[in-house]
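The lines below spell out each chain.
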Amino acid sequence: MENISRIKEKCVGCKSCEQSCPKHCISMLENKEGFWYPSVDEKSCIECKVCLKKCPVENTEFHRNEPHKVWAWRNKNDVDIMRSASGGAADSAAKTILQMGGVVYGAAYDEQLAVSHIEVTDEAEREKLQSSKYVQSDPKDSYAKVKQRLSEGKTVLFTGTPCQIAGLYAFLGGNPENLYTVDLICHGVPSPKFFKKYLEYQNKQTAGRVIYFNFRSKDKRGWGTQYLLKTKTKTKTKTKTKTLSLDRYGKHFMDGDCYRESCY
Ligand SMILES: Cc1cc2nc3c(=O)[nH]c(=O)nc-3n(C[C@H](O)[C@H](O)[C@H](O)COP(=O)(O)OP(=O)(O)OC[C@H]3O[C@@H](n4cnc5c(N)ncnc54)[C@H](O)[C@@H]3O)c2cc1C
């Protein structure tokens, strides 16, 4: 059938198709490695091809390969710099949009440390988006929410990987005036399953439960690529910092041998 099933391993997992199907017959299912791919209920599919029209892989006009202008900046606030992965540029963009009364979308951990895109509308929540989460963030229904917010006249900032940004533009079918996007330089994403298994491994190592994880902590050793995790045992909370590339998850991430197929 003529639908998103034909994209196969080129799929970037942005979920634009799932969010745009008028018959709601697309589900995103995990493969063996833990990356989600579209699965179409062929009995309900009417071959309207909306899923293909909204797919950033099919529609390369939504790829923004040529910069119109280039700015470089660094956050001036020391507290924000410490919480950010690098120079806190993404965070200062978020701060500006919130101060304008806008809405910001970005990647955040939930209580189980799974990463997904959330909507942030006030200053207190901004911190959740700071720092890099080196795992594919689940976009969930964030594109549909962005569309809704734009229709309400809100200014929106969406931050994410380049394929998530391309997915958003494909989903919206253009470049709305009140939409700002920040895409990270990204060499690839590991799967949420891989990260989950790694956290289980850390639980075993520490005989506790990981309650906090930061891939790019500046707390103990300043700028660089040190992760920091906190585990809770029955009696105490422990903190551990290590160079990312010297640890099993970080090594595979840095070596680039655990990414989604489309990243290659
Ligand atoms: C998977 C991944 C791979 C990367 N690869 C490279 C690289 O090869 N080279 C390089 O120079 N930089 C890379 N980066 C970018 C780098 O780690 C920093 O995120 C970037 O420099 C922004 O820093 P900042 O201080 O401005 O961001 P902060 O102010 O700390 O804000 C972090 C921003 O990143 C977004 N974000 C965090 N995790 C994710 C995620 N999993 N998916 C989508 N958005 C996310 C948040 O929404 C937020 O807007 C990568 C980031 C990610 C998430």
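Residues numbered from 1 in each chain as written. Predicted model: local features only at pLDDT ≥ 70, side-chain atom pairs only at ≥ 80, totals over all residues.

You can read the domains of the protein as domain 1 (4-53), domain 2 (78-183) and domain 3 (192-263). Measuring from the centre of the C-alpha atoms in domain 1 to the corresponding centre in domain 3 gives 31 Å. Contact with domain 1, which involves 9 residues of that partner, is made by 6 residues of domain 3. Here the side of domain 1 that touches domain 3 is built from residues that sort into 3 nonpolar, 2 polar and 4 charged. (Domains from an automatic or database assignment. Contact = placed C-beta atoms within 7 Å. Nonpolar A, V, L, I, M, F, W, Y, C, P; charged D, E, K, R; others polar.)

A few words on the pairing of strand E5 (residues 156-160). With 5 of 5 residues buried, E5 lies mostly within the body of the structure. Side chains Val 156, Phe 158 and Gly 160 of E5 all project onto a buried face; the interleaved residues Leu 157 and Thr 159 project onto the opposite face, where all are buried too. For E5 and strand E6 (residues 179-183), the ladder comprises 5 bridges, and the chain directions are parallel. Each bridged residue has a counterpart across the sheet, and for Val 156 the counterpart in E6 is Leu 179. Handedness of the β-α-β unit built from E5, helix H6 (residues 162-172) and E6 comes out right-handed. (Buried ≥ 20, exposed ≤ 12 C-beta atoms within 10 Å, placed from the backbone. Helix = DSSP H or I, 4+ residues; strand = E, 2+ residues; numbered from the N terminus. Pairing = 2+ DSSP bridges. Right-handed = clockwise from strand over helix to strand, strands pointing away.)

With that settled, the discussion passes to the sheet that holds strand E7 (residues 209-214). The strand order across the open sheet formed by 3 strands is E7-E8-E9, and the pairing between neighbours is antiparallel. Each having just a single partner strand, E7 and strand E9 (237-243) make up the two edges of the open sheet. Going from strand to strand, the sheet's axes swing by 20 degrees on average, the running direction of each strand aside. (Axes fitted to C-alpha atoms, helices over the stretch in contact; angles between N-to-C directions.)

Our focus in this paragraph is the pairing of strand E4 (residues 115-120). Pairing geometry for strand E3 (residues 103-109) and E4, over 6 bridges, is antiparallel. When the sheet's bridge partners are listed, Ala 107 is paired in E4 with His 117. Counting the residues between successive antiparallel strands, the hairpin from E3 to E4 contains 5 residues, one of them, Leu 113, with a positive phi of roughly 70 degrees.

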